[in-house]
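Chain residues, written in single-letter form:
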Amino acid sequence: MDPIHRGPEDFGQGNDGHGEESGRRLQPRAPLTSDFGQQTMQQARVVQVVSGDFLLTVNPVDGSEVELCPPGEQPPVPVRRNAAERADRERAAAPPVPPGPPAPQLPLLERQEERERLVRLLARGRSVRLTGPAGSGRTALLSAVAADCADLAPDGVVRLSGLKRTVTDLLYGLFEAVYDAPLLRPDRAVLLEKLRSIGAVVVLDDLEFGGAALDELLDATPECAFLFATTPDAPAPAADAHLDEVFLAGLGRSASVELLEHVVERPLTDEEANWAGDLWFESEGLPLRFVQAGALLRQRDMLRTDPTAHDEGRPVDDIFAKGADAEGQGVPLPSLGEGAAPAALLASRLSGPARDALHFAVALGGEVPHQAHLPALVGDTHADAALGELAGCGLLSPAGSRYRLAPGVVAQLEAAGYGEDADDRARTAAQHYAWWAGHPSVAAARAVAEADAIVAAMTRLVPGDGAGQASAAVLLARSATPAFAAGLHWSGWEKTLRLGQEAARIAGEVAEEAYFHHELGVLALCNGNPDRARAELETSIGMRGALADKSGAVAGRRALALVADRSGALPGGRTPAGEEMPAARYDEPASPFGGIPAAGPMVLPRTSEDDTALIPRAAPASGTGGFGGRKAVLGGARRNLVAAGAGVVLAAVLGTVVTLGMMPSSDAQDGRRVSTEQSAVEDDSENGLPADEPADDSTPGGASSSGSSRAPGPSGSQVTPSGSGAPSSESSVPSDSPSPGRPTSGRPSSPGTPTKSPDRTPTKTPTKTATPTPTETEPTDTPTPADTPTDPTPPDTSDSASGPSTTASASGSSPEPVVA
């Protein structure tokens, strides 16, 4: 695992465009100060992964980018592995063989009955749960059963480890074991479809969950037979789960002594046999205790052996009987307590590099680094042999493709003082893994193999208060997260991102915290959680905007746009097609008599026949009118601003109209005088601009200067003969006094138009202004043409009176009283 000695697979040679390493490299950013002698920057490794219908580009510089997978980028269809490929993969996934002399092959004692029963149940397609205490030999029994079931299922036997794994991890692990699909992580639907067709015997060690999660695993794989191995303290399965239970107990006394002799590779003396009997009673016959006890006896033999005995040709019994330790004294048997908890005594007799390796393993929570990392961690070029010493003493147990300390060893070593320098050891491991995981020659699969050790180092550092611990965790997370994403180990990717984000917050590194938020948003989007993705991406964009990180902010906005597109609604209340979302609606009371109050909301004409809106969607056509009792309120900050601006403009127009209406006028055009109570409206009649009808029954000084009189027309309008004989109608600005039978239009009403009685609500007549502004009017009994705008001017009562009013005609005839 030395990154300097790299293989061709590390650069993607011999792979197609979808190989594990596509060979693409992202050029680093141009240095801002290239003349200060900074070191040459390494090229960043970019890998493309297909997740469902997304194409994920793992970018270690600015953050991963995600997009919909283009048609030409789809990976090949997953192909089922054959027997030879499954065997090769199983050998590659096995723990590495420790260096040094080979360990003795231990027999499987007193397990034949359980072994045959498990094979029979699995052959009938039954799933079995094997429960036994830690150190009872569950892993050895699983290996023997897996060898017996190699030809039972069409997809063979699949070995998985459930240690620190969720049900989702196991489902994807089973898919990868049966199908050859490099750099492809199918979505949930495709994954379940593929799993339903798998027929295999799945041997799962160190199961940590039960209940509904276990039911989900069984339901997703109906054609598989499972053999679960777990401890008694693990969660129990559901009551209706179709599982057979097999319990594993300790060995008998004779079998325990026999196992001890296989470990020591010689017969036991009477003293050692009596000591083994006491140990069997104390340990309840757990095989692990006798393997470790045999390691104690071997160490005792080495201490008692005279190095010159073999050269002199003396018998072996004499060598053990007459041997002495370094001080020339005999080596006694370990005490019963040391035999039941032998980790500290075993570690004290190991070499220096082996003890240093134990210090690192304790600091990492029991995770043992790969033997290739031990020379760099310990500082000894021959430290890789320490793994063989630890395995020979029974201090290690296999866990998937790696080793970890055997059950109970961590607690025993911590009691012996091996955890005093845990923080310093974890920081050293974090610095080493940060350099190693970020090296371009290290493949993603190799980084995934050390994922548990990397996560354990970060877990030790993140809550610590030591100097530089948080910064070391940030550096490690920054280097490891791209490798975990490219290696499809997404549970480790998520754990590392969350630990890195917390470490960056503690260390005050805002740029790195923004990067982790961006990656968490991309991960949530790929996992089908758009709400979580939106929150993480918005946080990242805000941080990068404050730091003026333009390229990072652009990457975040692209991902956020895809989140909005996948969630079905764009920011601002719009759908992907551009339609506005339906607004909240409520009923409003009708406007009071006499106009719209000054403090009330400005209501513009409705845009449909049913509703009115504060802000219309489009500018209404000229002359469009209509009334309704229901109004729709459109939400949004932009619409509120537009409504406020429209209200200000309308208020200014209304104030101008009122001011002009109160000013006196003495202008006369073409022999006619237009008073301040009159308004000119556009008309297409032949006689110019006819005047509206007066709003009152009478006005003070009912005669005009011309002395002509006028009589009401058929619809209640007053018609005054002109000089040419053509009738013309005039009206004044409406006042508080009701006007009998006055139409709302400037044109004379047709015969038969119903008139309004004096006790009804007065209507408003339009006023010619610079910009015609439509407003709301009160409903009247007189039908209002749809093309007539209404007058928003409040009534002016300065010149109105209750008496009959007369107007002057253009011909100067005598006035006539108005007939009520």
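Preceding block: the structure.
Residues numbered from 1 in each chain as written. Predicted model: local features only at pLDDT ≥ 70, side-chain atom pairs only at ≥ 80, totals over all residues. Heavy atoms only, no water.

Colleague: Looking at this structure, how should I read the overall build of the chain?
Modeller: The number of helices and strands found in the chain is 26 helices and 23 strands. The burial tally for the chain puts 44% of its 820 residues in the buried class. Put simply, of all contacts in the chain between residues at least 6 apart along the chain, 70% involve residues at least 24 apart. For the chain, the accessible area works out to roughly 40100 Å², and carbon and sulfur atoms hold 54% of it. (Helix = DSSP H or I, 4+ residues; strand = E, 2+ residues; numbered from the N terminus. Buried < 20%, exposed > 50% of the residue type's maximum accessible area, 1.4 Å probe, protein only. Contact = heavy atoms within 4.5 Å. Areas by Shrake-Rupley, 256 points an atom, 1.4 Å probe, with all protein chains shown as cover.)

Colleague: For this particular structure, what's the right way to read the nonpolar core?
Modeller: Considering soluble globular proteins, one finds that nonpolar side chains tend to be buried as a cluster. Ranked by internal contacts, the top residues of the largest apolar core, which has 88 residues, are Val66, Leu358, Leu395, Leu405 and Leu413. In terms of residue count, helix 21 (residues 469-486) provides more of this core than any other element does, 10 residues in total. Leu358 has contacts with Ala347, Leu350, Leu390, Leu395, Leu405, Leu413 and Tyr418, leaving out every residue within four places of it along the chain. Within the second largest apolar cluster, 33 residues are counted, among which are Leu55, Val167, Leu174 and Ile198. (Core = buried A, V, L, I, M, F, W, Y, C linked by side-chain atoms within 4.5 Å.)

Colleague: Sorry, what's going on with the sheet that holds strand 8 (residues 157-161) here?
Modeller: Note on sheets: strands pair through backbone hydrogen bonds, and any given pair is parallel or antiparallel. Strand order across the open sheet formed by five strands is 8-11-12-7-13, with parallel pairing between neighbours. If you trace the sheet from one side to the other, it starts and ends with strand 8 and strand 13 (243-247), each paired once. If you compare each strand with its neighbour and ignore which way they point, the axes differ by 15° on average. Each of strand 7 (127-131), strand 11 (201-205), strand 12 (225-230) and strand 13 is contacted by helix 2 (residues 112-123), which is oriented at about 175° to strand 13, the strand it contacts most. (Pairing = 2+ DSSP bridges. Axes fitted to C-alpha atoms, helices over the stretch in contact; angles between N-to-C directions.)

Colleague: Quick question: what am I supposed to make of the environment of Gly556 here?
Modeller: Counting through the fold element by element, Gly556 comes out in helix 25 (residues 550-567). The class for Gly556 is buried, based on a relative accessible area of 1%. Along the primary structure Gly556 and Gly542 are separated by 14 residues, whereas in three dimensions their C-alpha atoms are 9.6 Å apart. Apart from residues lying up to four places away in sequence, Gly556 is in contact with His518, Leu537 and Ile541.

Colleague: Before we go on, may I ask you to explain the packing of helix 7 (residues 253-264) against helix 8 (residues 270-283) in this structure?
Modeller: Packed helix pairs are characterised by how far apart their axes lie and by the angle those axes make with each other. Axis separation between helix 7 and helix 8 bottoms out at 10 Å; the angle between their running directions is 120°. As the angle between them shows, helix 7 and helix 8 are arranged oblique. The two elements helix 7 and helix 8 cross, and the hand of that crossing is right-handed. Here Arg253, Ser256, Val257 and Leu260 of helix 7 come into contact with helix 8, specifically with Ala276, Gly277 and Trp280. Of the residues assigned to the contact of helix 7 with helix 8, the class counts are four nonpolar, two polar and one charged. (Parallel < 35°, antiparallel > 145°, perpendicular 65-115°, else oblique. Left-handed = near helix turned anticlockwise from the far one by under 90°. Nonpolar A, V, L, I, M, F, W, Y, C, P; charged D, E, K, R; others polar.)

Colleague: I keep staring at helix 6 (residues 212-220) and nothing clicks. Help me out?
Modeller: It helps to recall that an α-helix has 3.6 residues per turn; residues three or four apart then point in one direction. Considered for burial, the residues of helix 6 that qualify are Leu214, Leu217, Leu218 and Ala220. Here the buried face of helix 6 lies against strand 7, helix 4 (167-178), helix 5 (188-196), strand 11, strand 12 and strand 13.

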